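Close look at the chain arrangement
Single-letter residue listing:
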Amino acid sequence: VTEPRFQGRRIAIFGATSGIATAAARIYAEAGARLVLVARDEAAMAAVADDLRVRGGEALSVRADFRSMEGASAAVESAWTAFGGLDTAVVAIGSLPDQAIAQDDPDALEEAVRINFTVPAALSGDLAARFAAQQGGALAVITSVAGERGRRSNYVYGAAKGGLQRFLEGLRHRHVQAGVTVLDVRPGFVITKMTAGLTRKGPLWAEPRVVADSIVAALEKRRSVLRTPWFWWPIITIVKMLPRPLFHRTSL
Ligand SMILES: NC(=O)c1ccc[n+]([C@@H]2O[C@H](COP(=O)([O-])OP(=O)(O)OC[C@H]3O[C@@H](n4cnc5c(N)ncnc54)[C@H](OP(=O)(O)O)[C@@H]3O)[C@@H](O)[C@H]2O)c1
């Protein structure tokens, strides 16, 4: 009998009620992992934990308040101690602001940057330092292909995600010699509650499970950057290469 693939692996999921993160947690639970869930919504998190247990994983829950930086650090400390250390962490916290509001309202701008940059950056920095101290560990943080070029339709979200990509690049550089993997996950359009208000039709829309499979595989390969699904590599390569005069004629 072969052991399940992730038997005993200690994995924390920050933003555990996320559609993408839940799909990843299921893959780990089905392969015997021990999961610690971290989220603000206790009832929704309890439902995720029950589902993971049915699938064969162990699942603990930590309620976190990401409105303050103290809340974010307390969440890392609780997740870290739940199983006496961690092997892997996934940071999925993020929220799509209304661009039309956030571009003109400084309070909305600040909120969007806090939840898409400051909070995930603080969690990532803390987790990576703990992995470095134990000479190993893997961190996956969900950014977005939206962070790769500023576009008028969503540059507030894009700027926060792009900033997070630079932060992760530096964090990886800092801790690479200590055996820490820092994976920057850049999905395209995914069918989750974050995009419930958009028209979700067309070949570019992906199911969370497809994205989750690619995240798990990229973490195992210790990759640094993942654009997912795969077709975003050529699309983003072209979008980034478009000369500015041409780019300015698009409504992207
Ligand atoms: N869906 C897409 O098309 C897409 C594309 C590219 C990147 N992403 C990124 O992928 C990650 C996961 O998103 P998802 O698509 O799975 O969406 P989701 O299901 O809406 O998950 C977002 C997660 O962030 C948490 N969150 C949002 N605002 C928060 C706040 N103010 N305080 C505390 N927690 C908050 C949510 O908690 P609650 O459940 O309590 O709201 C949830 O756990 C995000 O970073 C998102 O930006 C998504």
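Check the entry above for the structure.
The text that follows walks through the structure, step by step, so that each part is easy to find. None of these values were measured; they are calculated from a predicted model.

We now examine a negative patch on the surface. A cluster of like negative charges, contributed by Asp104, Asp105, Asp107 and Glu110, occupies part of the molecular surface. Here Asp104 is to be found in the loop between helix H4 (99-102) and helix H5 (106-133).

Let's shift gears to the site of the ligand. Inspection of the region around the ligand gives 27 residues, with Thr17, Ser18, Tyr157, Val190 and Thr192 positioned closest. Within the backbone of Ile20, a nitrogen or oxygen atom sits 3.0 Å from an oxygen atom of the ligand. A total of 880 Å² of accessible area belongs to the ligand in isolation, and the protein chains cover 91% of it. Listed by contribution, the elements that provide at least two residues to the shell around the ligand are helix H1 (19-30), H5, helix H6 (155-175) and strand S7 (189-190). Of the residues contributing to the shell around the ligand, the split by class is eleven nonpolar, eleven polar and five charged.

Here the focus is the side chain of Thr228. You can see Thr228 is positioned in strand S9 (residues 225-228). Within the structure, Thr228 has its side chain in polar contact with the side chain of Ser214 (distance 2.7 Å).

Turning to the packing of aromatic side chains, a few remarks are in order. Considering all chains together, one arrives at seven aromatic pairs under this definition. Each ring, one from Phe189 and one from Trp232, has its centre 5.5 Å from the other, and the planes form 85 degrees; the classification is edge-to-face. Within this pair, whereas Phe189 is found in strand S7, its partner Trp232 is found in helix H8 (residues 232-241), the two being separated by 43 residues in sequence. Grouping aromatic residues by their ring pairs yields a cluster made of Phe189, Trp205, Trp230, Phe231 and Trp232.

Residues Ile13, Tyr28, Leu35, Leu37, Leu52, Leu183 and Ile215 are the most contacted members of the largest nonpolar core, which totals 38 residues. Among the elements of the structure, strand S1 (10-14), H1, strand S2 (34-39), helix H2 (42-54), strand S5 (137-142), strand S6 (180-187) and helix H7 (208-220) are those that each provide at least two residues to this core. A total of eight residues in this core trace back to one element, the largest contributor, which is H1. Not counting residues within four places of it along the chain, the set of residues in contact with Leu183 comprises Leu139, Ala140, Val141, Ile215, Ala218, Leu219, Arg223, Ser224, Val225 and Leu226. Ala89, Ile93, Ala128 and Leu168 belong to the second-largest nonpolar core, a separate cluster that totals 33 residues.

Across residues other than glycine, the phi torsion is negative in most instances, and most of the peptide bonds are trans. Residue Pro229 is bonded to the preceding Thr228 through a cis peptide linkage, with omega at -5 degrees. By secondary structure assignment, the location of Pro229 is in the loop between S9 and H8. The phi dihedral of Gln135 falls on the positive side, at around 60 degrees, and the residue is not glycine. When you line up the elements, Gln135 lands in the loop between H5 and S5. When its relative accessible area of 57% is taken as the criterion, Gln135 is described as exposed.

Basis of the calculations
- All residue numbers here refer to positions counted from 1 along the written sequence of the relevant chain.
- Confidence filtering applies because this is a predicted model: local features only for residues at pLDDT of at least 70, side-chain atom pairs given and counted only at 80 or more, and all residues used for totals across whole chains, interfaces and linings.
- The side-chain values count all of the structure's non-hydrogen atoms but skip hydrogen atoms and water molecules.
- Residues qualify for a patch when their relative accessible area is over 30% and they have no salt bridge, like charges being joined within 9 Å and the nonpolar side chains of Val, Leu, Ile, Met, Phe, Trp and Tyr within 5 Å.
- Per-residue and other accessible areas follow the Shrake-Rupley method at a 1.4 Å probe size, with only the shown protein chains counted as cover for residues.
- What makes a salt bridge here is a side-chain nitrogen of Lys or Arg within 4 Å of a carboxyl oxygen of Asp or Glu, nothing more.
- Note on charges: Lys and Arg go in the positive column, Asp and Glu in the negative column, and His and the chain ends are not counted at all.
- Charge coordinates come from a single atom per side chain, which is NZ of Lys, CZ of Arg, CG of Asp or CD of Glu.
- Numbering of helices and strands runs from the N terminus; a helix is a DSSP stretch of H or I covering at least four residues, while a strand is a stretch of E covering at least two.
- A cutoff of 4 Å decides nearness: a residue is near a molecule or strand if any of its heavy atoms lies inside that distance of it.
- Under this definition, polar contacts are N or O atom pairs within 3.5 Å; protein pairs additionally need one hydrogen-donor-capable and one acceptor-capable atom, and for neighbouring residues in sequence, both atoms have to be side-chain atoms.
- For this classification, the nonpolar set comprises Ala, Val, Leu, Ile, Met, Phe, Trp, Tyr, Cys and Pro, the charged set comprises Asp, Glu, Lys and Arg, and every other residue, Gly included, is treated as polar.
- Working definition: a ring pair exists when centres of Phe, Tyr or Trp rings (six-membered ring for Trp) sit within 6.5 Å. Plane angles under 30 degrees give stacked, over 60 give edge-to-face, the rest tilted.
- We define the nonpolar core as a collection of buried residues of types Ala, Val, Leu, Ile, Met, Phe, Trp, Tyr and Cys that are connected through side-chain atoms lying within 4.5 Å of one another.
- Here the term buried applies to any residue with accessible area under 20% of the maximum for its type, exposed to any over 50%, and partly exposed to those in between, with areas from a 1.4 Å probe on protein chains only.
- Note on contacts: a residue pair is in contact if any heavy atoms of the two residues lie within 4.5 Å.

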